[in-house]
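The chain contents come next:
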Amino acid sequence: MNTAVTATYAIHGLVCVVLLGLAVGNYQTTGDPLSAATPILMAFLVAGLGVTVGRVVARRD
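Report on the accompanying structure. Source: prediction; values computed, not measured.

What about the overall build of the protein chain?
Here's step 1: Each helix and strand in the protein chain was counted, giving two helices and zero strands.
Here's step 2: Looking at the protein chain as a whole, 21% of its 61 residues are labelled buried.
Here's step 3: In the protein chain, the share of contacts with a sequence separation of at least 24, taken over all contacts with a separation of at least 6, comes to 61%.
Here's step 4: Put simply, the protein chain shows about 4,400 Å² of open surface, and 72% of that area lies on carbon and sulfur atoms.

Structure (structure tokens):
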């Protein structure tokens with residue numbers, strides 16, 4: 001694994017952590033579990049995108 005792949009995983013991972021923190025904040029503020037659904041869904045999509053981009057970058061080398 002080279003530095004480009006590691007950076008891709010790290011950046012997408014940090015975005016996922018921020019989105020999950022947003023989901024927790026939304027749930028604590030409103031008490032409604034559905035208010036956390038959108039950030040959680042976005043975190044899953046960003047994680048999948050990070051894995052896909054990481055594999056493409058690794059294959060390119």
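Description of the side chain of T8
Here's step 1: Looking at where T8 falls in the secondary structure, it is placed in helix α1 (residues 3-30).
Here's step 2: Residue class for T8 comes out buried when judged on its relative accessible area of 12%.
Here's step 3: Setting aside its immediate chain neighbours within four residues, T8 contacts G50, V53, G54 and V57.

Notes on α1
Here's step 1: Its 28 residues give α1 an end-to-end C-alpha distance of 40 Å, which sits within 8% of 40 Å, the value for a rise of 1.5 Å per residue.
Here's step 2: When α1 is considered as a whole, its buried residues turn out to be V5, T8, H12, C16, L19 and A23.
Here's step 3: Check the buried side of α1 and you find it contacts α2 (37-60).
Here's step 4: Once α1 finishes, G31 follows within two positions and takes phi at roughly 80 degrees, a positive value.

Rules used in this analysis
- Residues numbered from 1 in each chain as written.
- Predicted model: local features only at pLDDT ≥ 70, side-chain atom pairs only at ≥ 80, totals over all residues.
- Heavy atoms only, no water.
- Helix = DSSP H or I, 4+ residues; strand = E, 2+ residues; numbered from the N terminus.
- Buried < 20%, exposed > 50% of the residue type's maximum accessible area, 1.4 Å probe, protein only.
- Contact = heavy atoms within 4.5 Å.
- Areas by Shrake-Rupley, 256 points an atom, 1.4 Å probe, with all protein chains shown as cover.
- Expected span 1.5 Å × (residues − 1).

Such coordinate-based values are descriptive only and should not be taken to indicate function.
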